[in-house]
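# What the coordinates show
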Amino acid sequence: TTLGASAAERGGRYFGAAVAANKLSDNVYTTILNREFNSVTPENEMKIDATEPNQNQFNYTNADRIVQHARSRGMAVRGHTLAWHSQQPGWMQNMSGTALRNAMLNHVTQVATHYRGQIHSWDVVNEAFADGSSGARRDSNLQRTGNDWIEAAFRAARAADPNAKLCYNDYNTDDWTHAKTQAVYRMVQDFKQRGVPIDCVGLQSHLNNQSPYPSNYRTTLSSFAALGVDVQITELDIENANATWYRNVVNDCLAVSRCTGITVWGIRDSDSWRASQNPLLFDGNGNKKAAYDAVLQALNNG
Ligand code: G3I
């Protein structure tokens, strides 16, 4: 059996991977992708610099290749990401105020409309909270357009694609006691109370095993779920692919019924943004690692 098939048998969950369009011609890569995964996230191809390189000139070529590859094989697609302070095209980086707000909303509307009906979940807003202990919003050109920029983005996404699940996605939100986790929690709670459209929270979960495994990770997942949103583990990778940690992540997700899917951030170690840490489930030759066996076993137990 495979990661995707086993996850599907656990309450219809998905098991996905981040995919790069320029690797779809690599046979080893696509063999693993097509065999193991039932969801994909474009690693870079849907980001703002890729999809709107010049203002109001949209380029969907590479993102469309991934969407086509996935959907023709029955895989779900996670859209990543509509609004983000990073990987903005040059024209956007220096914008501010109403012009930037309108450009951001236009981007959300245009891209979500292009993919309307094809996206399982959108990371509508990515990484909007500051690191450290402040619990504040991250300072960025988008944040400086007004604190309500996030809810404005979610409303625009809902209007453009009413059936996609709309997620807020961030990193270092695994530990329940972390100020950033608490700040995201308060925002989601506020959105739910005020009827701002939000359906899911993405925990990127780029885990670093120099620190202990977040023993309250399951509490984080269940606490967000209790607000009435799905939780998705969206960019999982673990330093040195610690098999015990991978097993823990899967078991923690399976313990929370609204933890609906897990995405690993790449296929082979050599595909990873942190390749030197060998953080993924397949080695550079495409062989299954011990972490793969741990994940599959956890998916199949119970
Ligand atoms: O495509 C160009 C290529 O033409 C050029 O020759 C090369 C030279 O540097 O750069 C290539 O672009 C790189 C791109 O990855 C594709 O490989 C960019 O420089 C590089 O910055 C970009 O890195 C991506 C990073 O996001 C940028 O922020 C990583 O692949 C991607 O894995 C990473 O993903 C992020 C998530 O989106 C958000 N959460 C954190 C995660 C890890 O940083």
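Before going into details, it helps to say that this report is about the structure given with it. (Residues numbered from 1 in each chain as written. Predicted model: local features only at pLDDT ≥ 70, side-chain atom pairs only at ≥ 80, totals over all residues. Heavy atoms only, no water.)

A separate point is unusual backbone geometry. Note on backbone geometry: most residues besides glycine have negative phi, and most peptide bonds are trans. For the peptide bond that leads from His80 to Thr81, omega is 0°, which places it in the cis range. Topologically, Thr81 is positioned in strand β3 (residues 76-84). With a phi close to 65°, Asn56 is a non-glycine residue in the positive phi region. In this model, Glu127 sits at a positive phi of 55°, which is unusual for a non-glycine residue. Among the secondary structure elements, Glu127 is positioned in the loop between β4 (121-126) and α7 (149-160). (Helix = DSSP H or I, 4+ residues; strand = E, 2+ residues; numbered from the N terminus.)

Our focus in this paragraph is the site of the ligand. Near the ligand, the surroundings consist of 13 residues, among which Glu43, Lys47, His80, Gln87 and Glu235 are the closest. Protein coverage of the free-state accessible area of the ligand, which is 790 Å², stands at 44%. The residue inventory of the shell around the ligand, partitioned by class, reads three nonpolar, six polar and four charged. (Near = heavy atom within 4 Å. Areas by Shrake-Rupley, 256 points an atom, 1.4 Å probe, with all protein chains shown as cover. Nonpolar A, V, L, I, M, F, W, Y, C, P; charged D, E, K, R; others polar.)

Right, let's get into the packing of aromatic side chains. Under the counting rule described, the total for this entry stands at 11 aromatic pairs. Pairing Tyr213 with Tyr217 gives two aromatic rings, centres 6.2 Å apart and planes at 65°, and the pair type is edge-to-face. With a centroid separation of 5.3 Å and an interplanar angle of 55°, the aromatic rings of Phe282 and Tyr292 are classed as tilted. In this pair, Phe282 is assigned in the loop between β9 (259-264) and α11 (290-300) and Tyr292 in helix α11, connecting sequence segments 10 residues apart. Side by side, Phe282 and Tyr292 carry an identical accessibility label, which is buried. Aromatic rings pair up to connect Phe58, Tyr60 and Tyr115 into one cluster. In this structure, Lys180 is placed above the aromatic ring of Tyr171, and the distance from its NZ or CZ to the ring centre is 3.5 Å. (Phe/Tyr/Trp six-rings, centres within 6.5 Å; stacked < 30°, edge-to-face > 60°. Buried < 20%, exposed > 50% of the residue type's maximum accessible area, 1.4 Å probe, protein only. Lys NZ or Arg CZ within 6 Å of the ring centre and 35° of its normal.)

Examined against the element boundaries, Gln88 turns out to sit in the loop between β3 and α5 (90-93). On the basis of relative accessibility, which here comes to 5%, the residue Gln88 falls in the buried class. Ignoring anything within four residues of it in the chain, the contact list for Gln88 reads Ile48, Asp49, Gln93, Asn141 and Leu142. (Contact = heavy atoms within 4.5 Å.)

Turning our eyes to something else, we now look at empty space enclosed by the protein. Within this structure, the stated rule accounts for one cavity of 30 Å³ or more. Quantified by volume, the largest cavity comes out at close to 40 Å³. Looking at the largest cavity, the residues that line it are Ala7, Arg13, Tyr14, Val250, Cys253, Leu254, Gly261, Ile262 and Leu299. Contributions of two or more residues to the lining of the largest cavity are made by α10 (243-254) and β9. It is α10 that contributes the most residues to the lining of the largest cavity, three residues altogether. When the residues that make up the lining of the largest cavity are grouped by side-chain class, the tally is seven nonpolar, one polar and one charged. (1 Å grid on protein atoms, 1.4 Å probe; cavity = no way out; pocket = protein on both sides within 12 Å on 5 of 7 lines; lining within 4 Å. Points joined across faces, edges and corners; volume = space filled by probe spheres on them.)

Let us now look at the pairing of strand β1 (residues 14-19). Counting buried residues in β1 gives six out of six residues, a clear majority hidden from the surface. Residues Tyr14, Gly16 and Ala18 line one face of β1 and the alternating positions Phe15, Ala17 and Val19 line the opposite face, and both faces are buried. Both β1 and β9 contribute to a ladder of four bridges, which runs parallel. Bridge pairing links Ala17 to Val264 in β9. Taking the sense of rotation as the criterion, the β-α-β connection linking β1, helix α2 (residues 27-36) and strand β2 (residues 39-42) turns out right-handed. (Pairing = 2+ DSSP bridges. Right-handed = clockwise from strand over helix to strand, strands pointing away.)

What follows concerns the state of the cysteines. Counted under the stated rule, the structure contains two disulfides. The disulfide that involves Cys167 links it to Cys200, with 2.1 Å between the sulfurs. Linking Cys167 and Cys200, the disulfide has an S-S dihedral of approximately -90° and is accordingly described as left-handed. Here Cys167 is found in strand β5 (residues 165-170), whereas its partner Cys200 is found in strand β6 (residues 200-203), with 33 residues between them in sequence. Like Cys167, the residue Cys200 is buried in the burial classification. Disulfide pairing is shown between Cys253 and Cys259; the S-S distance is 2.1 Å. (Disulfide = S-S within 2.5 Å.)

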